[in-house]
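Observations on the three-dimensional arrangement
Each chain, written out:
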Amino acid sequence: MVVDSVFDVVADAAPEIREGLPERRAKAATENVSGDEQLEADVWADDVLFERLADLDGVNWYASEEREDVEVVGDADDGYAVAIDPLDGSSNVKSNNPCGTVLGVYDEAVPASGRSLVAAGFVLYGPITTMTVARDGDVTEYLVEADGRTDLGNVEVPDDPVVYGFGGRVPDWTEEFESYVRDVEDDLKLRYGGAMIADVNQVLTYGGVFGYPGLQSRPEGKLRALFESMPIAYVVEQAGGASTDGSQSLLDVDPDDVHERTPTFVGTQSVVDDLEAALPD
Ligand code: AFP
């Protein structure tokens with residue numbers, strides 16, 4: 001199965017990427033198309049993953065946060081598109097904080113709606129390396145080591161929320177969003193580390209909410225729909241949680257551009273419901 005092969009490749013590359021980080025903490029003298037300063041690690045991880053994923057029969061398109069255009073890498077009937085952020089949270093490499101890879105597998109050419117996702121997942125470089133994969137209605141966490149993967153069991157978002165974390169500067173939040181956060185912070189514990197996949201894994205583990213809101217200065221927010229928001233929403237929703245861009249499931253977002261950004265919130269259903277109620281339509 002092509003989807004199996006995609007996650008086999010990502011898991012097999014993970015130990016090599018992790019081992020290659022120490023000597024790649026410097027900044028490359030480049031920016032990606034979104035204007036993010038690129039670390040050597042960003043560019044290198046993208047090259048490692050592109051080389052392997054482009055080779056897979058059944059993968060027709062490779063879209064990356066680090067590449068301006070979608071790469072056409074195959075012409076299989078019913079081929080898939082892989083949309084990937086090779087090193088999410090790469091600015092955490094310098095400070096030795098968690099980072100990882102996030103990807104979605106779409107069953108048509110991208111950009112495409114989140115409803116065309118057939119699988120999604122992420123690798124998390126923390127105290128241990130894990131890969132979490134959502135597909136066919138299940139979400140499974142694996143321990144990833146050089147000699148292979150170990151199934152650590154199913155992942156389900158806890159119903160009782162414990163943690164919250166939101167990006168952007170507080171003065172740049174909208175009034176309605178800030179008011180919502182003031183309520184949330186009375187009940188939940190702040191967990192925000194600058195890498196979406198690490199912060200979302202807190203939510204998957206303990207329950208709660210993670211988000212990067214639309215800002216006064218940037219109403220679309222920071223996170224990229226195709227590579228970050230929709231894949232992570234797919235994981236969280238398949239794990240029994242919810243997602244929203246403020247008014248709809250992130251899976252209903254249908255980006256026109258590969259690098260389009262969207263306000264992004266994922267987490268325990270009750271908390272996401274309260275958030276949607278607090279934000280203007
Ligand atoms: P980098 O990959 O450039 O470190 O950005 C990480 C990210 O896209 C996402 O993983 C984080 O949740 C978010 O940006 C952090 O953004 P702030 O630095 O504005 O908090």
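Along each chain, numbering runs from 1 in the same order as the chain's sequence is written. Residue-level local features of this predicted model are given only where pLDDT is at least 70; pairs of side-chain atoms are given and counted only at 80 or more, and the full residue set underlies all totals for whole chains, interfaces and linings. Water and hydrogen atoms play no part in the side-chain values, which are based on all heavy atoms of the structure.

As for the site of the ligand
Quick note on the threshold: Throughout this document, a residue counts as near a molecule or strand when at least one of its heavy atoms sits within 4 Å of that molecule or strand. Polar contact criterion, stated in full: a pair of N or O atoms within 3.5 Å, where within protein one must be able to donate a hydrogen and the other to accept it, and residues adjacent in sequence count only if both atoms are side-chain atoms. Reported accessibility uses the Shrake-Rupley method at a 1.4 Å probe radius. Residues are deemed covered only where the shown protein chains occlude them. Boundaries between domains were set according to an automatic or database domain assignment.
Around the ligand sit 15 residues in total, of which D88, S91, Y192, M196 and Y212 are the nearest. Side-chain polar atom of S91 to an oxygen atom of the ligand: 2.6 Å apart, as the coordinates give it. A distance of 3.3 Å is found between an oxygen atom of the ligand and a side-chain nitrogen or oxygen belonging to R224. Coverage of the ligand by the protein chains reaches 81% of its 480 Å² of free accessible surface. Mapping the shell around the ligand onto the domain boundaries places at least three of its residues in each of domain 1 (2–154) and domain 2 (163–278).

Quick notes on helix α1 (residues 2–19)
Which entries qualify depends on this criterion: By definition, any uninterrupted DSSP run of H or I lasting at least four residues is a helix, any uninterrupted run of E lasting at least two residues is a strand, and each is numbered from the N terminus. The length a helix should cover is 1.5 Å for every residue beyond the first. The reported bend at a residue is simply the angle between two axes, fitted to the 7 residues ending at it and to the 7 residues beginning with it. Using a 1.4 Å probe on the protein chains alone, a residue whose accessible area is under 20% of its type maximum counts as buried, one over 50% counts as exposed, and one in between counts as partly exposed.
The terminal C-alpha atoms of α1 lie 27 Å apart, and with 18 residues this matches the ideal 26 Å at 1.5 Å per residue to within 8%. Taking the largest bend as the criterion, α1 deviates by roughly 30 degrees, centred on A13, and proline P15 comes between one and four positions later. Where α1 is concerned, the buried positions are V2, V3, V6, F7, V9, V10, A11, A13, A14, P15 and I17.

Things to note about the pairing of strand β10 (residues 148–154)
Remark: a regular strand shows side chains that alternate across the two faces of the sheet. Definition in use: In this description, strands pair whenever DSSP reports at least two bridges between them.
The sheet contact formed by strand β9 (residues 138–145) and β10 spans 6 bridges and is antiparallel. Following the sheet pairing, L143 is matched in β10 by T150. Where β9 hands over to β10, the hairpin turn is made up of 2 residues, counted between the paired strands.

Considerations on the packing of aromatic side chains
Short version of the rule: Side-chain rings of Phe, Tyr and Trp (the six-membered ring for Trp) are treated as a pair once their centres are within 6.5 Å; stacked means planes under 30 degrees apart, edge-to-face means over 60, and tilted covers the remaining angles. Remark: a charge is flagged as sitting over a ring if the NZ atom of Lys or the CZ atom of Arg is within 6 Å of the ring centre and within 35 degrees of the ring normal.
Under the definition given, this model contains 9 aromatic pairs. Relative to Y180, the ring of F166 lies with its centre 6.2 Å away and its plane at 65 degrees, an arrangement referred to as edge-to-face. Within this pair, whereas F166 is found in strand β11 (residues 163–166), its partner Y180 is found in helix α3 (residues 175–187), the two being separated by 14 residues in sequence. Considering the side-chain rings of F177 and F265, the 5.7 Å spacing of their centres and the 40 degrees angle between planes classify their relative orientation as tilted. Residue F177 is found in helix α3, and its partner F265 is found in strand β15 (residues 264–267); the two are separated by 88 residues along the sequence. Both residues of the pair, F177 and F265, count as buried. Each member of the aromatic cluster is reached from another via a ring pair, and the members are Y164, F166, W173, F177, Y180 and F265. The cationic tip of R24 hangs over the ring face of W44; the distance from NZ or CZ to the ring centre is 3.8 Å. Over the aromatic face of F50 sits the side chain of R67, whose NZ or CZ is 4.1 Å from the ring centroid.

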